[in-house]
Amino acid sequence: MQLKIKTMQGQKILIVDDEIDIVEFLSYNLEKAGFQVATANNGRTGIAEAIKFKPDLIILDVMMPEMDGIEACQELRNIKITEDALIIFLSARNEDYSQIAGFDAGADDYVNKPINPNVLISRIKALLKRNQVESIQESRYQVSEDIIIDSERYHVIRDGEPVILPKKEFELLRLLASKPQKVFSREEIYDKIWGDAFVGDRTIDVHIRKLREKFGQTHIKTIKGVGYKFINE
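All values reported here derive from a predicted model rather than from experimental measurement.

Rules used in this analysis
- Residues numbered from 1 in each chain as written.
- Predicted model: local features only at pLDDT ≥ 70, side-chain atom pairs only at ≥ 80, totals over all residues.
- Heavy atoms only, no water.
- Pairing = 2+ DSSP bridges.
- Helix = DSSP H or I, 4+ residues; strand = E, 2+ residues; numbered from the N terminus.
- Contact = heavy atoms within 4.5 Å.
- Axes fitted to C-alpha atoms, helices over the stretch in contact; angles between N-to-C directions.
- Expected span 1.5 Å × (residues − 1).
- Buried < 20%, exposed > 50% of the residue type's maximum accessible area, 1.4 Å probe, protein only.
- Salt bridge = Lys/Arg side-chain N within 4 Å of Asp/Glu carboxyl O.

1. Details of the sheet that holds strand β12 (residues 220–223)
Two pairing modes exist for strands in a sheet, parallel and antiparallel, and in both the strands are linked by backbone hydrogen bonds.
Phase 1: Read across the sheet, three strands follow the order β11-β13-β12 without closing on themselves; strand pairing throughout is antiparallel. Every interior strand has two partners, whereas the edge strands, β11 (184–185) and β12, have only one.
Phase 2: In this structure, β12 lies alongside strand β13 (residues 227–230), joined through four bridges in antiparallel fashion. The residue bridging Lys221 from the neighbouring strand is Lys229, located in β13.
Phase 3: This element, helix α6 (residues 167–178), spans β11, β12 and β13 of the sheet and lies at about 70° to β13.

Listed below in structure tokens is the structure:
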């Protein structure tokens, strides 16, 4: 299936799904909400069309032929033109490990099928709004003697060397480091990093563990029963 673009005013959304009924259903509702919409039917075609269309947000099905959504998301995050596009996964699967794999690949949200279009559009608008706020924040700042966060390039510099992180790991580190010594509750972290996305109870723990593997045990402290805080000493 070739790319189908229906030009309207508003921000651009690319739908990548092999189920034609879902593509048509989402296209209709998103266009009605004022978005420009493009579609593709598998991950490989979706990547090619994302490069052409330059969407603000990509709705990406997990299970697709030729290239699944997880692989496609990983590739999109490694392409300059698409690395900053917001990505929402669609899936009929509700397992924690599937959601964690999606977020580790660089997704911003995760929506289970069947889809409520009003809920999906609300979440899309919330993501786009939050992304606009983040884009005007200070892009580069030192958070400890050995760590600099570069929001514009979406990476961390440790001891002078760049460290590339999956998107959710980067956002989690940036959140904790934004207010050193402040204890962020688990609920606050879920709200600020994952918003309304439905994620497993261990999602934060997995991301914290991976950050500690990359930056050592001293910077992120667990406050038992409450949450986490960043130590900048």
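2. So, helix α1 (residues 20–32)
Phase 1: The terminal C-alpha atoms of α1 lie 18 Å apart, and with 13 residues this matches the ideal 18 Å at 1.5 Å per residue to within 8%.
Phase 2: What α1 keeps buried is the set Ile22, Val23, Leu26, Ser27, Asn29, Leu30 and Glu31.

3. Some points on the pattern of salt bridges
Phase 1: Evaluation of the coordinates by the stated rule reveals 15 salt bridges.
Phase 2: Here Arg209 ties to Glu213 by a salt bridge, and the two come within 3.1 Å at their closest N and O atoms. Note that Arg209 and Glu213 are positioned in helix α8 (residues 203–215) at a spacing of four residues, about one turn of the helix.
Phase 3: Accessibility expressed as a relative area gives 41% for Arg209, which makes it partly exposed.
Phase 4: What you see here is one network of salt bridges that share partners, running through Asp17, Glu19, Asp61 and Lys113.

4. Thoughts on the sheet that holds strand β9 (residues 155–158)
Phase 1: Strand order in the open sheet formed by four strands is β7-β8-β9-β10, and the pairing between neighbours is antiparallel. Both outer strands of the open sheet, β7 (140–142) and β10 (161–163), are each paired with one neighbouring strand and no more. Between one strand and the next, the sheet's axes are offset by a mean angle of 25°, whatever the strand orientation.
Phase 2: In terms of strand pairing, strand β8 (residues 147–150) meets β9 through four bridges, oriented antiparallel. Bridge pairing in β9 places Asp150 opposite His155.
Phase 3: Along the sheet, α6 makes contact with β7, β8 and β9, crossing β8 at roughly 115°.

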